[in-house]
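# Geometric and topological summary
What follows is the residue order along each chain.
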Amino acid sequence: MTTIDRSTFLKRSAAAAAGFAVAGPLTAFRARAAVGAPVDGEGYGPLIEQGELALPRGFHHRVISREGDLMSDGSPTPGIFDGMAAFRGPTSTTVLIRNHENRRRPGESPVVVPDDLRYDADPTYNAGCTKVVVTRGGRIARSFAIQGGTSTNCAGGRTPWGSWITSEEVVDAGATGVRHGYNFEIDASADGPVKAEPIRGAGRFVHEAVGWLGGALYQTEDRGPNACLYRYVPSTRPRRAGDLARSTGVLEALAVDGRPGLDTSSGLSVGRPMAVRWVRIDEPEPAADTLRLEAAGKGAAIFDRQEGCWVAGGRFYFCCTSGGPVDLGQVWELDPAAGTLTLIYESPGPHELKNPDNLVVTPTGDLLLCEDADPPMYLRLLTTSGEISDFARAIDAPESEFCGACFDPSGSVLFVNQQGNRDGEGQKVLARTYAITGPWARVRRG
């Protein structure tokens with residue numbers, strides 16, 4: 001993997017904004033970390049308090065959507081915002097598909113869809129997704145619940161064919177006996193609520209995020225410290241939303257050659273590729289939360305709280321929120337073509353990074369990491385020159401995690417959520433979605 005020069009970054013910035021990011025930032029970071037070089041950087045400069053957020057000079061934010069706002073379908077905007085993706089909409093609009101991570105707890109604002117479109121008729125399953133159509137001027141043109149009847153919709157991932165895959169971070173069943181613990185696909189162009197159909201072949205486990213690469217759906221598992229990394233290989237290539245739910249295929253878990261059951265949480269060298277193989281899962285839909293046990297029994301590697309992921313430059317990158325010797329996070333690179341897994345970064349302390357969760361690539365090919373940690377919460381920037389710095393700090397709701405970061409198709413607007421909380425969890429904090437604009441090309445590189 002070679003470092004990409006500045007001109008290449010600029011030529012490919014539009015692709016980065018759309019989610020097809022270059023592979024440069026982690027290459028540089030890996031090179032610096034491997035030789036013990038300093039990685040603290042300037043980024044966009046010092047943070048300046050600007051109301052609800054602190055941002056670098058020249059950047060501005062506004063709240064475009066808040067929990068409780070009345071939507072176009074007549075229901076209040078649900079709470080517990082989480083993973084999100086941006087798509088090109090009609091007439092210069094941006095379409096956001098946003099998760100709501102309701103966990104069947106008191107005080108949650110539910111996702112309301114017609115009964116015949118719910119995945120589970122049990123009313124306690126009140127999570128799902130909303131669609132938000134944003135004009136070029138930052139106004140909400142339309143918003144409605146697009147999928148419901150699920151639980152703990154955490155992250156997910158966008159597909160090359162224009163859909164959002166939303167992931168249930170739970171394995172359970174309610175009064176109806178309907179099983180939960182699946183991925184669901186949503187057509188971003190849908191004009192109303194869609195029927196929730198599980199992608200059964202992709203497995204039943206505690207999902208976090210997904211990424212499509214080279215004919216396979218790569219999937220992270222948010223468990224600690226014994227999560228596994230999976231891929232689902234459908235027998236026929238999907239071309240439109242719904243194909244995955246109707247597909248059959250093979251589910252596999254990653255193992256490291258010569259090191260069966262490797263615990264990746266600490267003690268590994270940064271920047272050193274490890275050869276991998278894949279072990280087949282015989283029971284993708286176990287009755288209980290035991291899929292990882294079958295994987296581990298066949299020698300699969302184990303990770304500590306896999307969370308956010310993305311695809312860039314033919315590689316699959318993912319975070320382990322609690323990985324590393326001080327339990328503050330790791331970043332990994334999987335290269336399917338080379339058959340290697342590489343630890344790129346481990347946080348040495350909270351001054352650099354604390355517990356990364358969702359993540360996104362900026363228009364210049366840099367990386368933003370959303371923290372889910374002790375307050376205050378930050379967005380951290382990892383640049384193409386291999387430096388890490390602060391990009392944003394939560395002021396109004398310092399205890400509410402950042403999540404769902406994504407750029408509009410033009411690469412000029414960053415959309416990002418703060419999750420909020422549920423009633424009964426102390427003082428009520430309303431979930432919100434920000435639109436952040438600024439001089440993205442002016443990052444200071446070492």
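What counts and what doesn't
- Residues numbered from 1 in each chain as written.
- Predicted model: local features only at pLDDT ≥ 70, side-chain atom pairs only at ≥ 80, totals over all residues.
- Heavy atoms only, no water.
- 1 Å grid on protein atoms, 1.4 Å probe; cavity = no way out; pocket = protein on both sides within 12 Å on 5 of 7 lines; lining within 4 Å.
- Points joined across faces, edges and corners; volume = space filled by probe spheres on them.
- Nonpolar A, V, L, I, M, F, W, Y, C, P; charged D, E, K, R; others polar.
- Core = buried A, V, L, I, M, F, W, Y, C linked by side-chain atoms within 4.5 Å.
- Buried < 20%, exposed > 50% of the residue type's maximum accessible area, 1.4 Å probe, protein only.
- Helix = DSSP H or I, 4+ residues; strand = E, 2+ residues; numbered from the N terminus.
- Contact = heavy atoms within 4.5 Å.
- Pairing = 2+ DSSP bridges.
- Salt bridge = Lys/Arg side-chain N within 4 Å of Asp/Glu carboxyl O.

Moving on, we come to the layout of surface pockets. Put simply, the second largest pocket is a space of about 370 Å³. Lining the second largest pocket are 22 residues, with Thr135, Arg136, Asp408, Ser412 and Val413 sitting closest to its centre. The class makeup of the residues in the lining of the second largest pocket is 6 nonpolar, 12 polar and 4 charged.

Another point: the nonpolar core. Nonpolar side chains in soluble globular proteins generally cluster together in the buried interior. One finds Leu254, Phe303, Phe316, Phe318, Trp332, Leu334 and Leu341 to be the most contacted residues of the largest nonpolar core, which totals 24 residues. Contributing elements (two or more residues each) for this core: β13 (207-213), β14 (216-221), β16 (249-256), β17 (274-280), β18 (306-312), β19 (315-320), β20 (330-335) and β21 (340-346). Ignoring sequence-local partners within four residues, the contact set of Leu254 consists of Leu229, Val276, Arg277, Trp278, Ala300, Ala301, Phe303, Leu334 and Leu341. Counting 22 residues, the second-largest nonpolar core is a separate cluster that includes Leu381, Phe391, Ala405 and Tyr434.

Turning our attention to the pairing of β18. Within β18, 7 of the 7 residues are buried, leaving the element largely enclosed by the surrounding structure. Note that β18 and β19 share 5 bridges and pair antiparallel. Of the residues in β19, the one forming a bridge with Ala312 is Arg315. A loop of 2 residues connects β18 with β19, the two strands running antiparallel in sequence, and Gly313 in this loop sits at a positive phi of about 60°.

Turning next to the pattern of salt bridges. Following the criterion strictly, the structure yields 24 salt bridges and no others. Of the charged contacts in the structure, one is a salt bridge between Glu49 and Arg393, with a shortest N-O distance of 3.1 Å. A residue pair is termed long-range when its members are at least 10 positions apart, and Glu49 in strand β1 (residues 47-49) and Arg393 in strand β25 (residues 388-394) qualify at 344 residues. A salt bridge links Glu101 to Arg103; the shortest N-O distance between them is 3.0 Å. Here Glu101 falls in the buried class, since its relative accessible area comes to 2%. Using a relative accessible area of 30% as the deciding quantity, one classes Arg103 as partly exposed. Put simply, Glu52, Arg66, Asp396 and Arg432 are held in one network by salt bridges that share partners.

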